[in-house]
Each structure stands twice: as structure tokens, then as C-alpha cells.
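Each chain, written out:
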Amino acid sequence: MAQAIDTEEITEKSDEKPELTFKSLGIVDVLCEACLRLKWTTPTRIQEEGIPLALEGKDIIGLAETGSGKTAAFAIPILQALLEKPSRLFALILTPTRELAYQISEQFEALGSGIGVKCGVIVGGMDMVSQALVLGKRPHVLIATPGRLLDHLENTKGFNLKSLKYLVMDEADRILNMDFEVDLDKILKVIPKQRHTYLFSATMTKKVQKLQRASLKDPVKVEVSSKYQTVEKLQQYYLFIPAKYKDCYLVSIINEMAGNSFMVFCGTCSNTTRTALLLRSLGVQAIPLNGQMSQTKRLGALNNFKAKPGSILVATDVASRGLDIPHVDFIINFDIPTHSKDYIHRVGRTARAGRSGRSVSFVTQYDVELYQRIEFLIGKKLPEFPTVQDEVLLLMERVNEAQRIAKMEMKDLEEKKKKRKVDDEDDNRIIPYKKKKYRK
Ligand SMILES: Nc1ncnc2c1ncn2[C@@H]1O[C@H](COP(=O)(O)OP(=O)(O)OP(=O)(O)O)[C@@H](O)[C@H]1O
């Protein structure tokens, strides 16, 4: 009898799966401790599958849904390699937007705090002096938007691209669809062949495969989601509305769901400004974010939104990729995205790291085809968001007044902008050479 109990115990124990931890993936203690400080106890799937391969030295193409921890999937192995062979200018991370570049830098710093990692960020809109200052500090990890990066790097004294051991393209499909391909070709030529390359995104394109054939050495594909998968815990809806009532429906949903943090996506920069002004005149905390804003204003807007749960970020697709703001619980596609793939990234700003979230896409009589393309891409038919039109239209009078105020304020802003332009042109006449150089 005693014998039988023993055997049962042994069988039970050997059936147990060994606990999955960062340590069990081969991560050194100092980095495991950093993960624990961030309250990450278990690796996510892309980390579980990607990190061991990266530690073996493989090149990786990683596909995993939004909010699934791809940043750490490439950051942890790079930090571990850096710890083994400390060297300056060790890794170059390319990413499509400025906000994302700073976010990635913060994540590297949080994970690498125990090993004293130094990060530098170079983004569009920075002048040459600031860029030179960043490079002058010779960071271990350089995070950059591609832009004219290589020209700057080549012209910077003492900067040797040959020291780079790691190249990452975060949101790889987006980077490869930007206008920077010439730069990329150059970068791939200059960085030594024995570099390690990681391409990560929640969506992939043929271009990534092309690049892979052209310049990666036998990469391993780690696909833990399908190409166009949205997050399981995200409740997605559409809402069919006549174009002339759009504003009313937006205000109605925001009123009804007051207390939630929203991201409202618009198709143009000017619509983000107009919509934010309209919401503000109705007493709603709305913050615009678009690519026409200055670097300082963009970062300010984002920090403002992050610091104020319950507020509303009204943004173009400049905010659709990669931004990780855990408290976002509602996405509104006020203008339907023209590229269906952007839909996946936009709605992926909520329901991150296992949380739940909701999204609603406004579809007017002009958007039906675009919307059908989205449904086809994600492979599902979405339910309609429940609203009562009669109740929504009760807001009409207040919204009309807010529209009028927003229109006037837009006009004011445009006039101010025109005046600034004239002032700039005057400046140009005084110091034409300097201005030209800085504007490049
Ligand atoms: N192992 C983990 N356990 C718990 N949370 C994690 C873990 N790894 C990462 N996270 C958290 O998950 C969130 C999303 O991570 P990240 O921004 O890297 O996602 P992503 O896959 O790059 O998303 P996107 O495709 O939208 O860019 C972050 O807040 C991060 O802190």
C-alpha cells in the first residue's frame, strides 16, 4: 500500500509542467529581478518562444498580437548579450514614431536598471545639435526613427556603425512601408554582417519577407498569432451613422461612458484639432495629438493623457502603433482607417497585457467599402454598438453650438499659424543659411 502511494506521488510530480519563468528561459538573475520589479512573473508567449532562440543567437521575425510584450521579447536578449560583452553603441532599435522611440527607451531603462544601461533617442524634429549630444554620450542602445538617421550617423565624428551588434525593427512592416527605404538599405549595408537582426510587429507584409531574403541570415519565424489577429479580450463594435450626425454620436458615447479613458482616431490632423476643440467646448478633457504638432507639444500631449485617466486623446495614426498606455479602455474610430491594417493597431491600444477593452468604429454611408475590407481582414463580422438614435439626437442643439465655437477657434489658430509663418520667413531673410540647414 505504502509502495503504491509513493508511485502515485512520483507520477503526479512528473506530470507537472516545470514552472515557466524568465529564469527557466535562460535569463540571468539581474534581469529576472528587473522583470519581477515590473511585476512580470511569467513570460508572455512571444517572450517564451522568442527569447530562447534569441539567446541562441538566431535572427528572429516575431509576429504576436498587440499588447503581448514584444518589446521585452527583443529587449531582454539584447540586454543579456550586452551584459556578457559590455560595449557602447551595441544596439540600434528603429521604430516608426517619436513617441514610440521614447517608450522603448523607457522600457530598456526599466529592464536594464540593474546593469546601468544607457539609452539614447534620436527622432525627427530634433536639431543637429541635440542629435550630436545624444550620440556624443555614446549610449549602449540607440533608439531612433529612421528618417535621415544614417546621414547624421555617418557625419558624426567618432561614431562607428560597425560596433553595432544588434539591429531591431519594431513595427517592421510599418518601417518598411515608410519612405525611408533608401536609408534602410544603407543601414543594412553599413552594419556588419554578423549583426543580429530582429523584426517584430503585430502585422506583417510581403516586404518583410523580401527584406528577410535580401539581408537576414536564416531568421526563425516566431508567429504566436495570425497575421491580422485582434486581441481576444477586446469587444469590437461598429456603428452605422449618417455622416451629418457623427459628432452627436461621438459626444453621446463619451457622455455615456464618462470616466473611461478614450482614444479617438481621426483621419486628418485638422480633424483631431477640430474634434478636440469641439469636445472641450462641451466641457470634456480632450487632448489632440498629431504629426503637425511640434515635438515638445506631442510629448506634452501624450504625458498629459497618461497622467489623467478618464481623459480623451484625439489622435491621427501617429498614435496607432505601439503606444502602451494601460488605462486606455475605449477606442473610437471616428474616421474609419483607410489602410485596414491600421485598424488592428488602433484597436490594439486597449486590451493590453491580458486586460479587456472595447472599440467602436463609426461607419457612414461613405465608408461601407472600407469597413467591409476591415471585417474581411480580421475575419469576423462585428456586432452593432447599441445606441438609441432619438436620445443621441437630443444632443443636437448643444453639439451644433460646440461645432460653431470649434470652427471659430480653428480659424483663430490658422490665422496665428499664418502669422507665425510670416515671422519665420522674416527670420529666414536675416539668417537664411542657418535656417535652411536646420530645416533639412
Ligand atoms: N511577461 C509579462 N508579464 C506581464 N506584463 C508584461 C510582460 N511583458 C510585457 N508586459 C507588459 O505588457 C504591455 C504591452 O507590452 P508591449 O508594449 O511590449 O506590447 P507589444 O506586443 O509591443 O504591443 P504593440 O503591438 O501594440 O506594440 C506593457 O505594459 C508591458 O509592461
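Residues numbered from 1 in each chain as written. Predicted model: local features only at pLDDT ≥ 70, side-chain atom pairs only at ≥ 80, totals over all residues.

Of regular secondary structure, the protein chain possesses 18 helices and 13 strands. For the protein chain, long-range pairs separated by at least 24 residues make up 76% of all intrachain contacts whose partners lie at least 6 apart in sequence. (Helix = DSSP H or I, 4+ residues; strand = E, 2+ residues; numbered from the N terminus. Contact = placed C-beta atoms within 7 Å.)

An order of β3-β4-β2-β5-β6-β1-β7 is seen for the seven strands of this open sheet, with the pairing classed as parallel. Every interior strand has two partners, whereas the edge strands, β3 (119-122) and β7 (220-223), have only one. Between one strand axis and the next, the sheet turns by 15° as a mean value, whatever way the strands run. Pairing of strand β2 (residues 91-94) with strand β5 (residues 166-170), which is carried by four bridges, proceeds in the parallel orientation. Counterpart to L92 in the pairing with β5 is L167. Where helix α5 (residues 98-111) meets the sheet, it contacts β2, β3, β4 (141-144) and β5, and its direction lies at approximately 180° from that of β3. (Pairing = 2+ DSSP bridges. Axes fitted to C-alpha atoms, helices over the stretch in contact; angles between N-to-C directions.)

Pairing within the open sheet is parallel, and its six strands lie in the order β8-β13-β12-β9-β11-β10. If you trace the sheet from one side to the other, it starts and ends with β8 (234-240) and β10 (286-289), each paired once. Averaged over all adjacent pairs, the angle separating strand axes in this sheet is 20°, with direction ignored. Relative to strand β11 (residues 312-315), β10 is paired through four bridges, and the arrangement is parallel. Across the sheet, the residue bridging to P288 is V314, located in β11.

So, about the pairing of β4. Neither face of β4 is exposed, since V141 and I143 on one face and L142 and A144 on the opposite face are all buried. Where β2 and β4 come together, four bridges link them in parallel fashion. Across the sheet, residue A91 finds its bridge partner in β4, namely V141. Relative to β4, β3 runs parallel, the two sharing four bridges. Residue pairing for β4: I122 is matched across the bridge by A144. (Buried ≥ 20, exposed ≤ 12 C-beta atoms within 10 Å, placed from the backbone.)

Contact geometry for helix α3 (residues 45-55) and helix α4 (residues 70-84): axes closest at 9 Å, N-to-C directions at 25°. Regarding the angle of α3 to α4, the classification is roughly parallel. Along this stretch, α3 crosses α4, giving a crossing that reads as right-handed. Taking contact as the criterion, the partners of I46, Q47, G50, I51, A54 and L55 in α3 are, on α4, K70, A72, A73, I76, P77 and Q80. (Parallel < 35°, antiparallel > 145°, perpendicular 65-115°, else oblique. Left-handed = near helix turned anticlockwise from the far one by under 90°.)

This part covers the site of the ligand. As a structural note, the neighbourhood of the ligand is formed by 20 residues, with W40, G69, K70, T71 and A353 the closest of them. The element contributing the most residues to the shell around the ligand is α4, with three residues. Looking at the shell around the ligand residue by residue, the class counts come to seven nonpolar, 10 polar and three charged. (Near = placed C-beta within 6 Å. Nonpolar A, V, L, I, M, F, W, Y, C, P; charged D, E, K, R; others polar.)

Counting buried residues in strand β12 (residues 328-333) gives five out of six residues, a clear majority hidden from the surface. Across five bridges, strand β9 (residues 261-265) lies against β12 in parallel orientation. Of the residues in β12, the one forming a bridge with V264 is I332. As paired elements, β12 and strand β13 (residues 357-363) share four bridges and run parallel to each other. Counted as the bridge partner of I331 is S359 from β13. Once the chain exits β12 it traverses helix α14 (residues 340-347) before rejoining the sheet at β13, and the crossover so formed is right-handed. (Right-handed = clockwise from strand over helix to strand, strands pointing away.)

Next up on the list: the confidence of the model for the protein chain. On average, the protein chain scores 87 in pLDDT, and the residues at 70 or more come to 85%. Note that residues 1-13 has pLDDT below 50 and, in this model, zero contacts with residues that lie over four places away or in other chains. Segment residues 424-440 is flagged for pLDDT under 50; beyond a separation of four residues in sequence, or across chains, it makes three contacts in the model. The ipTM value of the predicted complex is 0.99, and its pTM value is 0.90. (pLDDT = per-residue confidence, 0-100.)

Phi at L89 is positive, roughly 45°, even though this residue is not glycine. Looking at where L89 falls in the secondary structure, it is placed in the loop between α4 and β2. Among the residues examined, L89 registers 21 C-beta atoms within 10 Å and is labelled buried.

Another aspect to go through is the UniProt feature "domain: DEAD-box RNA helicase Q" (unreviewed entry) in the protein chain. Feature annotation in UniProt assigns "domain: DEAD-box RNA helicase Q" (unreviewed entry) to the following positions: residues 20-48. Between the first and last C-alpha atoms of residues 20-48 the distance is 8 Å; the span itself is 45% helix and 0% strand. (UniProt positions renumbered as here; feature names shortened; annotations may be inferred.)

By secondary structure assignment, the location of Y228 is in the loop between β7 and β8. You can call Y228 partly exposed: it has 18 C-beta atoms within 10 Å.

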